[in-house]
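Chains, contacts and geometry: an overview
Take a look at the letters that make up each chain.
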Amino acid sequence: MPKVTEIMESMEYGPAPEDSAAVRDWLRDRGAFGHFIAGRFTRPGQTFASRDPSTGEELAQVTQGTARDVAKAVRAARRAQRGWGAMPGHDRARFLYAIARTIQKRERFLAVLETLDNGKPIREGRDIDLPLVVRHFYHHAGWAELAESEFPGHRALGVCGQIIPWNFPLLMLAWKVAPALAAGNTVVLKPAEYTPLTALAFADICAHVGLPAGVVNIVTGDGDTGEALVAAPVDKLAFTGSTEVGRQIARACAGSGKALTLELGGKSPFVVMADADLDAAVEGVVDGVWFNQGQVCCAGSRILVAESVAERFETLLRARMARLRVGPPLDKSTDIGALVDPVQKERILSILGAAVSAGAELVGGLPGRGCFIAPGYLRNIAPANPGMIEEIFGPIATLSTFRTPDEAADLANNTRYGLAASVWSENAAVATDLAARIKAGVVWVNCANLFDAAVPFGGMRDSGYGREGGREGMLDYLAAPVAAQRDPLPAEIVPAEASGIDRTVKLYIGGAQKRPDGGASYAAEGELIPLGNRKDIRNAVEAAQGSLAKWQGLGGHGRAQVLYFLAENLAQRRAEFAGFASPAEVDAAIRRCFFYAGFADKYDGATVAAKPGHLCHVQPEPHGVMGLVAPVAAPLAGFLSLVLPAIAMGNSVVAVPSQDLPMAALTLAQVLACSDVPGGVVNIVTGPRDALSAALAGHDGVSAIWHAGQGEGLAATRAAAAATLIPVWVPPPRDWSDPAAQGREFLRAASRIKTIWLPYGA
Ligand code: NAI
């Protein structure tokens, strides 16, 4: 035994394992697991092993869910939904409180079970995951209580299929299940094949609190089970996992009308400015990249550091890295535990191999026996190196430098992903400027990887769409009130004979009348209408991109002035427009301009109550370039009902007017031109709606699509958008002249939420 004085000198300490006897007893008693369907466990079917990745030991046999199992679970969820959705919010809240309380009572058990199944250090599971799980159920119990008053007229979507990954098994379950239930939905959840055990323990909790049978169903299995759930008749799918599988799911859902939210991968920048508190920033790397063995979708895995402080930062980083303890996950002093599975270890090592072959230098990052890799980072790494581009999903960051804040912003945005970012600077002006410029759903200023149930989380571009947490998260599980009507399908386009006459009707691109690329036209409303094509869409998107800086630079007040002017000019030409639309529709269109002019500077964000000592700013941002496919009916009010909220929020648009009644929109182009709407903010491309819409959805420069149609055209648009991961919103068809066809629902869809965390205090 070393003496105390010797221990004080060396700071060596022995193992401090958490006791896992209760969990092992539970696993032994349960034997093999079936699914949890309609309030009870089914008999185990064909099973597979769930293992402790730190030792390879088998923990339990779990059932591989079949399509029949999934169908049975969806039927149970459907049966339960009517009662659950109709239940007063207060009663749903009591169940969610009961779940929160029971999890709290079993916190230690669940943390140990999670560590055994996943390999994460017990310290993290116990101190981070579990408290957040509990917080999530309490927070959403609150939303259930307040649902009727806070979301008046909204209703639940119905049955939700939820597919979650293995990096935060119970936390991801909480993120999915709590808002779905609070909103009145029922769920069928599929945990990841590597980590199903805490979901099964959660099923016990549902039974324990007497949750009505079928409200929560859990079907275990691998990707095949996931595919069966995607194909099942559910009303919404919520997925967290790889971008590749996210794309497959978006494609599979394209023609189905299912609501979809995707929380996918990332390669988030971690930006250290020259004036940063370097010690704090190094601690941030520990939380940002090495937390959970780096298996975090929002890991700040691309460290970008100002050249002038790079050497000092790296020295501090190496010293800190050397002190991290890699070891048994159940040991309370372990910092870095086991990766989830040997497959993931191989994946990480193969990316590292490719990165080193391409010239990068690996510091640390040595593989150990079993599922262990020591923390490390890649330096001297070129922007095109695979290690810089691919999501490593392990405890390995990249380290590169920049000279100016502009270069930092450019490098930070040099990725297809857009999930999160961490920015370090002691200067508020510098930090907030970068936070605004970085394209990501969440930005942490002087902190990393902070989460809270009240705070929306989610990304853009290849990181997916939709938000989880807070009011925004609830809205993604609710349907807005609307009395839907049917929009007619457009008539078939018959190209007109080329006449050689100089047509007066043209496309409107970049603020100018433009002939269509193909020079062709079709007949509608007694006119020859330009037949736009893919090239015209490309030109229009380019024009829209070019106008964004100026349009957004005007601010809400400036945009409101333009919309008021547009309203006035439209009113002056009321008689002319009455030739293309009913007088009531023209009046409604004029009113709509005033309405959105009024709203242009009033659709605000909020500072939400998350952790004490943190400003947590939740702010709607314009998407950028939006593609709008207008309804067939209501050629003026329908068209403007989409264009106005989009541009009021600071987007520029490429709009496809009613295919059969395009003249109102084409005439509107003249009014736009004389109303100070900068060229390129509204671009109008007429022609075959379905083909133009699919072209918009396949264009990388478009950030969101609204498609006011149904049928095959919509399915084709969704299919094209599945590849680009552009979110598609379908405004429900309605009477477009009605005042109900405007409002916050449109402004919400015209923006996406950016969350900025800003801890305060010295
Ligand atoms: P994955 O995306 O395959 O697995 C996530 C979940 O989707 C699991 O429940 C899985 O069973 C299910 N799934 C798989 N294929 C499916 C399909 N075709 N249809 C429906 N569900 C399906 O992720 P995987 O293979 O476990 O990890 C590979 C990489 O993905 C990781 O190295 C990491 O880069 C990334 N990833 C990102 C996560 C995130 O939180 N953003 C989480 C997990 C993985």
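Residues numbered from 1 in each chain as written. Predicted model: local features only at pLDDT ≥ 70, side-chain atom pairs only at ≥ 80, totals over all residues.

In terms of helices and strands, the chain carries 26 helices and 31 strands. Taken against the 2.2 N^0.38 rule, which gives 27 Å for 762 residues, the C-alpha radius of gyration of the chain at 27 Å falls within 12% of a compact globule. When the backbone C-alpha atoms are referred to their principal axes, the chain occupies close to 100 × 65 × 45 Å. Considering the chain as a whole, with its 762 residues, one finds that 56% of them fall into the buried category. In the chain, once contacts between residues fewer than 6 apart in sequence are set aside, the share between residues at least 24 apart is 74%. (Helix = DSSP H or I, 4+ residues; strand = E, 2+ residues; numbered from the N terminus. Rg over C-alpha atoms; globule rule 2.2 N^0.38 Å. Buried ≥ 20, exposed ≤ 12 C-beta atoms within 10 Å, placed from the backbone. Contact = placed C-beta atoms within 7 Å.)

Residues in contact with the ligand amount to 25 residues; listed here are only the nearest, Gly223, Gly226, Gly241, Ser242 and Cys297. Broken down by element, the shell around the ligand gets its largest block of residues, four residues, from helix H9 (residues 223–231). Residues belonging to the shell around the ligand are distributed by class as follows: 10 nonpolar, nine polar and six charged. (Near = placed C-beta within 6 Å. Nonpolar A, V, L, I, M, F, W, Y, C, P; charged D, E, K, R; others polar.)

This part takes up the UniProt feature "domain: Aldehyde dehydrogenase" (unreviewed entry) in the chain. The sites that carry the UniProt feature "domain: Aldehyde dehydrogenase" (unreviewed entry) are, in the present numbering, residues 46–478 and 529–719. Regarding residues 46–478, the helix share stands at 45% and the strand share at 17%, and the terminal C-alpha atoms are separated by 36 Å. Taken end to end, residues 529–719 is 52% helix and 16% strand, and its two terminal C-alpha atoms sit 28 Å from one another. (UniProt positions renumbered as here; feature names shortened; annotations may be inferred.)

Before going further, it helps to spend a moment on the UniProt feature "active site" (unreviewed entry) in the chain. Taken from the UniProt record, the annotation "active site" (unreviewed entry) applies to Glu263. Locating Glu263 in the fold gives a position in strand E10 (residues 259–263). Given 28 C-beta atoms within a 10 Å radius, Glu263 is considered buried. Contacts of Glu263, omitting those with residues within four sequence positions, involve Thr240, Cys297, Gly458, Gly459, Gly464, Gly466 and Glu468.

Bringing unusual backbone geometry into the picture now. One non-glycine residue, Asn292, adopts positive backbone phi at about 60 degrees. One non-glycine residue, Leu725, lies in the positive phi region at around 60 degrees. Looking at the element boundaries, Leu725 is found in the loop between helix H25 (711–724) and strand E30 (728–729). Judged by local crowding, Leu725 falls into the buried class, with 21 C-beta atoms found within 10 Å.

Domain parsing of the chain yields domain 1 (20–264), domain 2 (269–458) and domain 3 (506–756). Distance between the C-alpha centres of domain 1 and domain 3: 39 Å. Each partner contributes to the interface: domain 1 provides five residues, whereas domain 3 provides six residues. Of the residues contributing to the side of domain 1 that touches domain 3, the split by class is two nonpolar, one polar and two charged. (Domains from an automatic or database assignment.)

Two elements in contact, helix H6 (residues 122–150) and helix H7 (residues 169–182), have axes whose closest approach is 8 Å; the angle formed by their N-to-C orientations is 5 degrees. In terms of orientation, H6 and H7 fall into the roughly parallel class. Across the interface between the two elements, Asp129, Leu132, Val133, His136, Phe137, His140, Trp143, Ala144 and Ala147 from H6 touch Leu170, Leu171, Ala174, Trp175, Ala178, Pro179 and Ala182 from H7. Grouping the constituent residues of the contact of H6 with H7 by class yields 13 nonpolar, two polar and one charged. (Axes fitted to C-alpha atoms, helices over the stretch in contact; angles between N-to-C directions. Parallel < 35°, antiparallel > 145°, perpendicular 65-115°, else oblique.)

Turning our attention to the packing of helix H24 (residues 689–697) against H25. The axes of two packed helices give the description: the angle between them and the distance between them. Running from amino to carboxyl end, H24 crosses H25 at an angle of 15 degrees, the nearest separation of the two axes being 8 Å. Taken together, H24 and H25 sit at an angle that is classed as roughly parallel. Crossing hand, H24 versus H25: right-handed. Here Arg689, Asp690, Ser693, Ala694 and Ala697 of H24 come into contact with H25, specifically with Glu712, Gly713, Ala716, Thr717, Ala720, Ala721 and Thr724. Of the residues in the contact of H24 with H25, the class split is five nonpolar, four polar and three charged. (Left-handed = near helix turned anticlockwise from the far one by under 90°.)

When you tally the buried positions in strand E27 (residues 652–656), you get five out of five residues, the bulk of the element. Alternating residues of E27 divide into Ser652, Val654 and Val656 and Val653 and Ala655, and every residue in both groups is buried. By the bridge criterion, five bridges tie strand E26 (residues 625–629) to E27 in an arrangement that is parallel. Following the sheet pairing, Gly627 is matched in E27 by Val654. Since E26 and E27 lie parallel, the crossover through helix H22 (residues 637–648) that links them has a hand, and here it is right-handed. Two strands pair when backbone bridges link them, and E27 and strand E28 (residues 682–684) are joined in this way by three bridges, in the parallel orientation. Counterpart to Val653 in the pairing with E28 is Val682. A crossover connection joins E27 to the parallel E28 through helix H23 (residues 663–673); in handedness this β-α-β unit is right-handed. (Pairing = 2+ DSSP bridges. Right-handed = clockwise from strand over helix to strand, strands pointing away.)

The subject of this paragraph is the sheet that holds strand E16 (residues 420–424). Pairing in this open sheet of 10 strands is mixed, and the strands run E13-E14-E15-E12-E11-E16-E17-E31-E25-E24 from one edge to the other. Two strands close off the open sheet at either side, each with one partner strand: strand E13 (361–364) and strand E24 (606–607). When strand E17 (residues 442–445) meets strand E31 (residues 751–759), the two strands line up parallel, connected through three bridges. Of the residues in E31, the one forming a bridge with Val442 is Thr755.

A few words now on helix H13 (residues 342–357). Here H13 spans 22 Å end to end across 16 residues, near enough to the 22 Å set by a 1.5 Å rise per residue. Within the span of H13, buried status applies to Gln344, Lys345, Ile348, Ile351, Leu352 and Ala355. Down the axis of H13, the buried set is contained in an arc of 130 degrees. They therefore lie on one face. Residues of H13 that are exposed and point more than 90 degrees away from the buried face comprise Val343, Glu346, Ser350 and Ser357. Contacts from the buried residues of H13 go to E13, strand E14 (376–379), helix H14 (386–389) and strand E15 (396–402). (Expected span 1.5 Å × (residues − 1). Arc of directions from axis to C-beta.)

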